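# Fold and geometry: a report
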Amino acid sequence: MKAQNRSRIGMEWFGSFGVLCVLIALWWVASNAGWVSRVFLPTPQATFASLLEGLNLAGENGNAGNGELLGFTQATVGRMVQGWLLASLFGVLLGAAIGVSPAVRAWVQPTLEFIRPLPASALLPLAISIFGLNPGMVLFVVAFGAMWPVLLATVHGFAAVEPRLSEVARCLQMSRVAFVWKMGLPNAMPDILAGMRLALTIALIVAVVGEMIASQSGLGQAILLAARAFRASDLFAGIVLLGLIGFVSNALLAFAEKRLLRWQQP
């Protein structure tokens, strides 16, 4: 069985790599054959060269593409991780408080459904008026936007706890906190981790949008400046870097999720 699973996973990875190679080949043909102007679509080799140049140590002239891309990446990743951690903390705490009580769920659920669809980027003007143009404002918007998947997943996870476990907890005279920690949280953990994976992607997206709108240092600002200056290779280098950040962060969280949920595996 394990050998079959390894073979299946190997075939999936091979197929994914093949699709990626086909897309890069199409990109190479479209740019080198002149189907799209290189002003808007640079060649893959030019994009790769800009990416390597931008990740070097900062040059004396301080131009983006001479080491500043590394600093922009660190700023965006730091903002994404900090916002995601805050969102996960408050999402789990609030979700557990709501999900453990059917009465509270009935009262709060309509309000949650009203606020949940609001895009975090739409709150940027309000956040700017309250906090001003500073990194804390962007961090607040990132945390707010990423909190909802964790919050709703936690509420669903606690609401789905087997009712007989509540009866057992009452028979054992367990406190509410003990029930949440020993019974509710382990049962809700798969939903919570799924919400945290989705929240990490949202945190990256909102961080980039916030950097663009609020003119904060990061990959969002670097991409926006490259687009305004028609530096197509730098623009695509930033986009490729964002894709790599999203892929690596999701892979790390998926690995952690698999390790944390080993007890569920047969």
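Residues numbered from 1 in each chain as written. Predicted model: local features only at pLDDT ≥ 70, side-chain atom pairs only at ≥ 80, totals over all residues. Heavy atoms only, no water.

The next subject is the overall build of the chain. Scanning the chain from N- to C-terminus turns up ten helices and zero strands. From first element to last, N terminus to C terminus, the chain shows the α and β order α-α-α-α-α-α-α-α-α-α. By the burial criterion, 36% of the 266 residues in the chain qualify as buried. The contacts of the chain with a sequence gap of at least 6 include a subset with a gap of at least 24, amounting to 65%. Surface accessibility of the chain: about 15600 Å² in total, with carbon and sulfur atoms responsible for 70%. Side-chain charges of the chain comprise 17 positive and 11 negative groups, with the mean position of each set lying 10 Å from the other. (Helix = DSSP H or I, 4+ residues; strand = E, 2+ residues; numbered from the N terminus. Buried < 20%, exposed > 50% of the residue type's maximum accessible area, 1.4 Å probe, protein only. Contact = heavy atoms within 4.5 Å. Areas by Shrake-Rupley, 256 points an atom, 1.4 Å probe, with all protein chains shown as cover. Lys, Arg positive; Asp, Glu negative; His and termini not counted. Charge placed at Lys NZ, Arg CZ, Asp CG, Glu CD.)

For the coordinates displayed, the defined rule picks out three salt bridges. Notably, a salt bridge pairs R79 with E211, separated by 2.5 Å at the nearest N-O pair. Within this pair, whereas R79 is found in helix 3 (residues 68-99), its partner E211 is found in helix 8 (residues 176-214), the two being separated by 132 residues in sequence. By relative accessible area, which is 10% here, R79 ends up buried. Note that R231 and D234 form a salt bridge whose closest N and O atoms lie 2.8 Å from each other. (Salt bridge = Lys/Arg side-chain N within 4 Å of Asp/Glu carboxyl O.)

We now examine a nonpolar patch on the surface. A cluster of nonpolar side chains, W28, V29, W35, V36, V39, F40 and F230, forms an exposed patch at the surface whose accessible area comes to about 760 Å². Among the structural elements, V39 can be located in the loop between helix 1 (2-32) and helix 2 (44-54). Take V39: its relative accessible area is 44%, and that puts it in the partly exposed class. (Patch = residues over 30% accessible without salt bridge, like charges linked within 9 Å, V, L, I, M, F, W, Y side chains within 5 Å.)

What follows covers the environment of I239. Looking at where I239 falls in the secondary structure, it is placed in helix 10 (residues 232-260). I239 gets classed as partly exposed once you look at its relative accessible area, which sits at 42%. Between the C-alpha atom of I239 and that of T47, which follows or precedes it by 192 residues, the distance is 9.9 Å.

Summed over the entire model, instances satisfying the criterion amount to four aromatic pairs. On the numbers, 5.0 Å between centres and 45° between planes, the contact of F131 with F140 is tilted. A relative accessible area of 40% places F140 in the partly exposed class. Aromatic ring contacts, followed pair by pair, group F131, F140, F144 and W148 into a single cluster. (Phe/Tyr/Trp six-rings, centres within 6.5 Å; stacked < 30°, edge-to-face > 60°.)

Residues of helix 9 (residues 219-228) that are buried: L219, G220, Q221, A222, I223 and A226. On its buried side, helix 9 packs onto helix 3, helix 8 and helix 10. At the C-terminal side of helix 9, F230 shows a positive phi close to 55°.

The next subject is the confidence of the model for the chain. Summarising the model, the chain shows a mean pLDDT of 83, and 90% of its residues fall at 70 or more. Every residue in residues 57-65 is under pLDDT 50, and counting partners more than four places away or in other chains gives 13 contacts. (pLDDT = per-residue confidence, 0-100.)

Moving on to unusual backbone geometry. Unusually for a residue other than glycine, S215 sits at a positive phi of about 55°. Along the chain, S215 falls in the loop between helix 8 and helix 9. Phi is positive for F230, close to 55°, though the residue is something other than glycine. Turning to its location among the elements, F230 is positioned in the loop between helix 9 and helix 10. Residue F230 is classed as exposed on the basis of its relative accessible area, which comes to 57%.

With that out of the way, let us pick up the layout of surface pockets. To find the voids left in a structure, one rolls a probe of water-molecule size over its atoms. Considered as a void within the structure, the second largest pocket measures approximately 600 Å³ in volume. Lining the second largest pocket are 16 residues, and of these L20, I24, V240, G243 and L244 lie nearest its centre. Of all the secondary structure elements, the ones that give two or more residues to the lining of the second largest pocket are helix 1, helix 2 and helix 10. The element best represented in the lining of the second largest pocket is helix 1, accounting for seven residues. (1 Å grid on protein atoms, 1.4 Å probe; cavity = no way out; pocket = protein on both sides within 12 Å on 5 of 7 lines; lining within 4 Å. Points joined across faces, edges and corners; volume = space filled by probe spheres on them.)

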